[in-house]
Amino acid sequence: FDQDDGKPSYPTTTAFDKGGVKVLFDFDKADASSLTTTVMATFKNSNADPLSDFACKVAVPKHLQIVIGPPSSSTLRPNGGTITQTMNVTNLNKGSKSLKIRLMITYKRDGKSIAEQADVANFPDSL
């Protein structure tokens, strides 16, 4: 639904879901024609164990520019704990090339280092 402020709204996208870690993307734009999209990433932990040294690195193709804000924490608490992180993605070829993001997620669980990677391209078309 469109909000009263006239800004477009977009559905939440599941960017990653593996091993009890889920990454959800929510989107915001100043207006539909803007080249820049704010991506609000929410990392959720459904495991019974906390995940420490949690970090997410992001890579994008050359037609995109990205500015990544700091994460809200480096520890993802157990049983539904969340971390949030904001990214501003500018698509220099909006209309001809779509958004694509590669996530590199690292954390420790029970002292064991885990690294996961995911390519995310299932963004709403109008971004």
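Note: the structure precedes this text.
Because the structure is predicted, anything quoted here is derived from the model rather than measured. (Residues numbered from 1 in each chain as written. Predicted model: local features only at pLDDT ≥ 70, side-chain atom pairs only at ≥ 80, totals over all residues. Heavy atoms only, no water.)

1. Topic: the overall build of the protein chain
Scanning the protein chain from N- to C-terminus turns up 0 helices and 8 strands. Going from N to C terminus, the protein chain has its helices and strands arranged as β-β-β-β-β-β-β-β. The globule rule puts the C-alpha radius of gyration for 127 residues at 14 Å, and the 15 Å found for the protein chain is close to it. Oriented by its inertia axes, the alpha-carbon framework of the protein chain measures out at about 45 × 35 × 20 Å. The buried share of the protein chain, taken over its 127 residues, is 35%. Here the protein chain has roughly 7,100 Å² of accessible surface; of this, 48% comes from carbon and sulfur atoms. Taking the 15 positively charged and 13 negatively charged side chains of the protein chain as two groups, their mean positions are separated by 8 Å. (Helix = DSSP H or I, 4+ residues; strand = E, 2+ residues; numbered from the N terminus. Rg over C-alpha atoms; globule rule 2.2 N^0.38 Å. Buried < 20%, exposed > 50% of the residue type's maximum accessible area, 1.4 Å probe, protein only. Areas by Shrake-Rupley, 256 points an atom, 1.4 Å probe, with all protein chains shown as cover. Lys, Arg positive; Asp, Glu negative; His and termini not counted. Charge placed at Lys NZ, Arg CZ, Asp CG, Glu CD.)

2. Concerning the pairing of strand β6 (residues 81–91)
Two faces make up the sheet, and in a regular strand the side chains alternate between them. Pairing of strand β3 (residues 36–45) with β6 involves 10 bridges; the strand directions are antiparallel. In the sheet register, Asn45 faces β6, and the bridge partner there is Gly81. Inspection of the sheet shows strand β5 (residues 64–68) paired to β6 by 5 bridges, in the antiparallel sense. Across the sheet, the residue bridging to Val67 is Asn88, located in β6. (Pairing = 2+ DSSP bridges.)

3. Comments concerning the pattern of salt bridges
Overall, the coordinates contain 5 salt bridges when judged by the stated rule. Taking the shortest distance from any N to any O, the salt bridge between Asp17 and Lys22 comes out at 4.0 Å. You can call Asp17 exposed: its relative accessible area is 53%. The class for Lys22 is partly exposed, based on a relative accessible area of 31%. For Arg102, the salt bridge identified is with Asp119, shortest N-O distance 2.6 Å. Here the residue Arg102 occupies a position in strand β7 (residues 101–109), and Asp119 occupies one in strand β8 (residues 112–120), the gap between them amounting to 17 residues. Owing to a relative accessible area of 55%, Asp119 belongs among the exposed residues under this scheme. (Salt bridge = Lys/Arg side-chain N within 4 Å of Asp/Glu carboxyl O.)

4. Some points on the sheet that holds β8
One open sheet accounts for 3 strands, arranged β4-β7-β8; its pairing is antiparallel. For this open sheet the edge positions go to β4 (52–59) and β8, each flanked by a neighbour on one side alone. This sheet shows a mean twist of 15° between the axes of neighbouring strands, independent of strand direction. Pairing of β7 with β8 involves 9 bridges; the strand directions are antiparallel. Across the sheet, residue Arg102 finds its bridge partner in β8, namely Asp119. (Axes fitted to C-alpha atoms, helices over the stretch in contact; angles between N-to-C directions.)

5. Focus: the nonpolar core
Across soluble globular proteins, you tend to see nonpolar side chains buried next to one another. Core analysis: the biggest nonpolar cluster contains 28 residues, and Val23, Phe25, Phe43, Phe54, Leu103, Ile105 and Phe123 have the highest contact counts within it. If you list the elements that add at least two residues to this core, you get β1 (13–18), β2 (21–28), β3, β4, β6, β7 and β8. Beyond its immediate chain neighbours, meaning those up to four positions away, Val23 contacts Thr13, Thr14, Ala15, Phe16, Thr42, Phe43, Leu103 and Ile105. (Core = buried A, V, L, I, M, F, W, Y, C linked by side-chain atoms within 4.5 Å. Contact = heavy atoms within 4.5 Å.)

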